[in-house]
Amino acid sequence: MTTNRPFQWCPSDRPLSVEVTHHPTGVLVHLCGSATMERCDELTARLSDAAQGRPALIVLDLGDLDFICSLGLGSIVAVYLRAMKHGGRVVVSRPAPAIREMLELTRLSHLLAVYDTAEAALSGSA
Amino acid sequence: MEIPSTLRAAREPEDVILREAEARGYAEETLFAVKLALEEAMTNAVKHGNDCDPGKRVTVRYRVTDETIEVVVRDEGGGFEPDGVPDPTTPDRLPLPNGRGIMLMRAYMDQVHYRRNGTEVYMMKRKGASE
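Bear in mind that the values here come from a model prediction, so they are computed numbers and not experimental data.

## Quick notes on the nonpolar core
Residues Val29 and Leu60 of chain A together with Val73 and Met123 of chain B are the most contacted members of the largest nonpolar core, which totals 72 residues. Grouped together as the second largest cluster of nonpolar side chains are nine residues, Leu57, Tyr115, Ala118 and Leu122 of chain A included.

## Digging into the environment of Gly88 of chain A
All names here are of chain A. As for its position among the elements, Gly88 is in the loop between helix H2 (70-85) and strand E4 (89-93). Owing to a relative accessible area of 4%, Gly88 belongs among the buried residues under this scheme. The sequence separation of Gly88 and Pro15 amounts to 73 residues, and the corresponding C-alpha distance is 29 Å. If we skip the residues at most four places from it in the chain, Gly88 touches Pro55, Ala56 and Ala83.

## Focus: the packing of helix H2 (residues 28-49) of chain B against helix H3 (residues 101-108) of chain B
A pair of packed helices is captured by two measures, namely the crossing angle of their axes and the spacing between those axes. Residues and elements named next belong to chain B. The N-to-C vectors of H2 and H3 enclose an angle of 150 degrees; their axes lie 9 Å apart at closest approach. Looking at the two axes, H2 sits roughly antiparallel to H3. When you trace H2 past H3, the crossing you get is left-handed. On the side of H2, the interface is formed by Phe32, Ala33, Leu36, Ala37, Glu40, Ala41 and Asn44, while H3 contributes Gly101, Ile102, Leu104, Met105 and Tyr108. Of the residues that constitute the contact of H2 with H3, the class distribution is nine nonpolar, two polar and one charged.

## So, H2 of chain B
The terminal C-alpha atoms of H2 of chain B, which comprises 22 residues, lie 29 Å apart, in line with the 32 Å expected from a rise of 1.5 Å per residue. Where H2 of chain B ends, the next residue or the one after it, Asp51 of chain B, has phi of about 55 degrees, a positive value.

## Overview of the packing of aromatic side chains
This structure, assessed with the given rule, holds three aromatic pairs over all chains. Here Phe80 of chain B and Tyr114 of chain B contribute two aromatic rings whose centre-to-centre distance is 5.2 Å and whose plane-to-plane angle is 80 degrees, an arrangement assigned as edge-to-face. With a gap of 34 residues between them, Phe80 of chain B in the loop between strand E3 (68-74) and H3 and Tyr114 of chain B in strand E4 (residues 111-115) connect regions that are remote in the sequence. Lys35 of chain B extends its terminal NZ or CZ atom over the ring of Phe67 of chain A, reaching a point 4.7 Å from the ring centre. Sitting over the face of the ring of Tyr26 of chain B, Lys127 of chain B holds its NZ or CZ atom 4.6 Å from the ring centroid.

## Topic: the confidence of the model for chain B
All names here are of chain B. Here chain B averages 93 in pLDDT, and 100% of its residues register 70 or above. Within chain B, no element has a lower average pLDDT than helix H1 (residues 11-23), which sits at 91, and none a higher one than E3, at 98. What the predictor reports for the complex is a pTM of 0.90 with an ipTM of 0.91.

## A look at the sheet that holds strand E2 (residues 57-64) of chain B
Residues and elements named next belong to chain B. Spatially, E1-E2-E3-E5-E4 is the arrangement adopted by the five strands of the open sheet, whose pairing is antiparallel. In the strand order of this sheet, the two ends are held by strand E1 (2-4) and E4, each with one partner. On average, each strand axis in the sheet is tilted by 20 degrees relative to the strand beside it, whichever way the strands run. As defined by bridge partners, E3 adjoins strand E5 (residues 120-126) across seven bridges and the pair is classed as antiparallel. Considered in E5, the bridge of Glu70 is made with Met124. Sitting on the sheet, H1 is in contact with E1, E2 and E3, with an inclination near 5 degrees to E2.

Here is what the cut-offs are and how they apply
- Residues numbered from 1 in each chain as written.
- Chains lettered and ligands numbered in written order.
- Predicted model: local features only at pLDDT ≥ 70, side-chain atom pairs only at ≥ 80, totals over all residues.
- Heavy atoms only, no water.
- Core = buried A, V, L, I, M, F, W, Y, C linked by side-chain atoms within 4.5 Å.
- Buried < 20%, exposed > 50% of the residue type's maximum accessible area, 1.4 Å probe, protein only.
- Helix = DSSP H or I, 4+ residues; strand = E, 2+ residues; numbered from the N terminus.
- Contact = heavy atoms within 4.5 Å.
- Axes fitted to C-alpha atoms, helices over the stretch in contact; angles between N-to-C directions.
- Parallel < 35°, antiparallel > 145°, perpendicular 65-115°, else oblique.
- Left-handed = near helix turned anticlockwise from the far one by under 90°.
- Nonpolar A, V, L, I, M, F, W, Y, C, P; charged D, E, K, R; others polar.
- Expected span 1.5 Å × (residues − 1).
- Phe/Tyr/Trp six-rings, centres within 6.5 Å; stacked < 30°, edge-to-face > 60°.
- Lys NZ or Arg CZ within 6 Å of the ring centre and 35° of its normal.
- pLDDT = per-residue confidence, 0-100.
- Pairing = 2+ DSSP bridges.

So this is what it looks like as structure tokens:
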């Protein structure tokens, strides 16, 4: 599960957008832009919405996420805890190298399996 | 630079410092690190230090040279003991939503020092050899 894409941080700081789509095996949440401090309440709310129907699997697709702060990581942990309560799983796909490094530094990669593609994450294959 | 205790207002010093660093040729990896540390320092000052009190201010001082980026963030809160903040990566604390900010600042900056009873943080990042 390696990613060879170049460093992705974008100084233009795209606003955060969150798109939720429902699939037979789970819910795919596509995050795009920067999860900066003032946008994390919105992120928490959108992730909470995604967990609303108690899906068995929530895939957080981070391929277009340029930046995330600790509040944003907290939003991800919150949806992880919520899913765990009813036996669901939360995994991530396609993190840019800088985001992957943060997941490893904080050891959140121990909680959240990391996949190379959203399709692999939705199918549960390595 | 003095700003009110809101996360929206906290973006202004961040943008100013990063623009200046970008103009001086700092690499994206360094800008990412400084951006992250600034977000964490400003979040701590606004939310935990000043408790989002609109009557309290956050003061930011900075210096960007061709060699280093230095930032000092001060709040008007009661302070805290930075060495008393638990390690967020231990198995018991890993599933908690909060507590990663200081650890990230220390991981991404070359120097992080708390002063004035924890109400002020000094951070420094050196330009890399390849920049």
